[in-house]
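# Chain and residue survey
Spelled out, the chains give:
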Amino acid sequence: MTTPTATATPPDVMEQHVETGKERRQEEKLKNASIDDWLPITSSRNAKWYYSAFHNVTAMVGAGVLGLPFAMSQLGWGLGTVVIVMSFVITLYTLWQMVEMHEMVPGKRFDRYHELGQHAFGKRLGLWIIVPQQLIVEVGTDIVYMVTGGQCLRKFHDLVCHGSCRDIRLTYWIIIFGSVHFPLSQFPNFNSISAVSAAAAVMSLTYSMIAFFASAVKAAHGGAAHAAVDYSLRSSTATGRAFGVLNALGAVAFAYAGHNVVLEIQATIPSTPETPSKKPMWRGVVVAYAIVALCYFCVGFGGYYAFGNAVEPNVLISLERPRWLIAAANLMVVVHVVGSYQVYAMPVFDMIETVLVKKHKFTPGVRLRLIARSAYVAATMFVGMTFPFFDGLLGFFGGFGFAPTTYYIPCIIWLMLRKPKKYGLSWSINIICIVIGVVLTLISPIGGLRQIILDAKSFKLYS
């Protein structure tokens, strides 16, 4: 009986297998590189520092700033001032952390928020922690901007017509606003919408100053009428005041939302070992936050001073005179939220196209973008038409989605990766931010949801 012997693989066959494996890996690498050159976030890296400034202003100063006087009416002077200022300080700190962590691993850039999360929490867990939160923020913001754009278009129409025109449903104004985004959504990447974003940033500063000065003039010339302005909390019942505070906390959190696109913005800036991207990025962030401080504090405190607890959820709706100036301000808001919508939509487009091309093997190209991005615009427009509750949406999305990605997830990642000394200054600051952010996440959506339910009682579908 003979024992069978294993047939040895000839050396040339083994070498051929190795070469084939190398070729396949090389082809896969080249294919992924070509896809990255096509995807919105990584297709262009020639942005300047001032691109960072106006992208961040466009992302930050939006519907949220117009809701700050309303939030003040639910918090009062003392608590309202503390919450707005404290949120400004915390979010500036966490934004600095994210800019610093963009290139914390030598030779690697975390171009997307979820990539940083995957580095900290693990490839699978990081994806599940970050992506749902980021989508809630970006999609939620775009829905709110659909409502904001429609409301401001209608307000502009009403101010110009001054009662001589036929009343048009808010639904139609949202459709008009949304239709603008079908062609704009086809711009390939962040740098291609830089002009739109720059115009939006200028508009945000301009209409914020109009809202502030118009409020100041109204207060100064109000005489006895202004003396009667009521600064007590908006609701007359203890339950209403409690829920109002929760909703206001979410609305303030909504106002500070730029973190969800900051790594994606930084990814567009060139980087070398001598000049890392964090230097021009931080310069742009400082300029942006100076503008944010000017807009938020002036509008939030000025609007509340002028109207007290009678202020509307969107302060521009409260303002009536001078009519031409308020009409112009509402039109500026429309221009601004057009740009803001695109800034928040770009990372979503990147996610959608990454999944379609890399996972489902769709061919990258114009047709794919046309269908995928148009479907996204149509979906956000439909939801905005169905639930046009500005104040409730601010509170709900602000607490549920914005607080984690803005207030404390950057701090958790910082503690995990940088490992500051326990009980030291850095460690303590991060723990405080985490506690505040977790409390916001747990309590503020309750107020927003209640406000949506209250608004829905008197709402007629597609009215």
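- Per an unreviewed UniProt entry, the chain goes by Amino acid transporter transmembrane domain-containing protein and derives from Urochloa decumbens.
- Of the comments in the UniProt record for the chain, the one headed Subcellular location (unreviewed entry) reads "Cell membrane".

## Describing unusual backbone geometry
- The phi angle at K361 is positive, at roughly 60 degrees, despite the residue not being glycine.
- You can see K361 is positioned in the loop between α14 (323–359) and α15 (366–386).
- Residue K361 is classed as exposed on the basis of its relative accessible area, which comes to 56%.
- Even without glycine at this site, Y423 takes up a positive phi of about 70 degrees.
- Mapped onto the secondary structure, Y423 falls in the loop between α16 (390–418) and α17 (425–457).

## Brief notes about the packing of aromatic side chains
- Using the criterion set out here, one finds 17 aromatic pairs in the structure.
- Note on F297 and F301: the rings are 5.9 Å apart at their centroids and 10 degrees apart in plane angle, and the pair reads as stacked. With F297 and F301 both in helix α12 (residues 278–307) and 4 residues apart, the pair spans about one turn of that helix.
- Judged by relative accessible area, F297 falls into the partly exposed class, the value being 24%.
- Pairing Y341 with Y376 gives two aromatic rings, centres 6.3 Å apart and planes at 50 degrees, and the pair type is tilted. Of this pair, Y341 sits in helix α14 while Y376 is found in helix α15, placing the two residues 35 residues apart along the sequence. A single burial state applies to Y341 and to Y376, both of which are buried.
- Members of the aromatic cluster, connected to one another through ring pairs, are W49, Y50, Y51 and F54.
- For the cation-ring pair, R369 lies above W38, with the distance from its terminal atom to the ring centre recorded as 4.2 Å.

## Remarks on the nonpolar core
- Counting 112 residues, the largest nonpolar core has V61, V65, Y207, Y256, Y296 and Y407 as the members making the most contacts within it.
- Element by element, the count of residues in this core is highest for α14, at 15 residues.
- Beyond its immediate stretch of four places on either side in the chain, Y296 contacts M60, V61, V65, L68, A255, Y256 and F301.

## Thoughts on the packing of helix α6 (residues 123–161) against helix α11 (residues 259–266)
- Here α6 crosses α11 at 100 degrees, and the two axes come no closer than 9 Å. Here α6 is positioned roughly perpendicular relative to α11, judged by the angle of their axes. Residues Q134, V137 and E138 of α6 form the contact with α11, whose own contacting residues are N260, V261 and E264.
- Taken together, the residues that form the contact of α6 with α11 break down as 2 nonpolar, 2 polar and 2 charged.

Reading guide: rules and limits
- Residues numbered from 1 in each chain as written.
- Predicted model: local features only at pLDDT ≥ 70, side-chain atom pairs only at ≥ 80, totals over all residues.
- Heavy atoms only, no water.
- UniProt positions renumbered as here; feature names shortened; annotations may be inferred.
- Helix = DSSP H or I, 4+ residues; strand = E, 2+ residues; numbered from the N terminus.
- Buried < 20%, exposed > 50% of the residue type's maximum accessible area, 1.4 Å probe, protein only.
- Phe/Tyr/Trp six-rings, centres within 6.5 Å; stacked < 30°, edge-to-face > 60°.
- Lys NZ or Arg CZ within 6 Å of the ring centre and 35° of its normal.
- Core = buried A, V, L, I, M, F, W, Y, C linked by side-chain atoms within 4.5 Å.
- Contact = heavy atoms within 4.5 Å.
- Axes fitted to C-alpha atoms, helices over the stretch in contact; angles between N-to-C directions.
- Parallel < 35°, antiparallel > 145°, perpendicular 65-115°, else oblique.
- Nonpolar A, V, L, I, M, F, W, Y, C, P; charged D, E, K, R; others polar.

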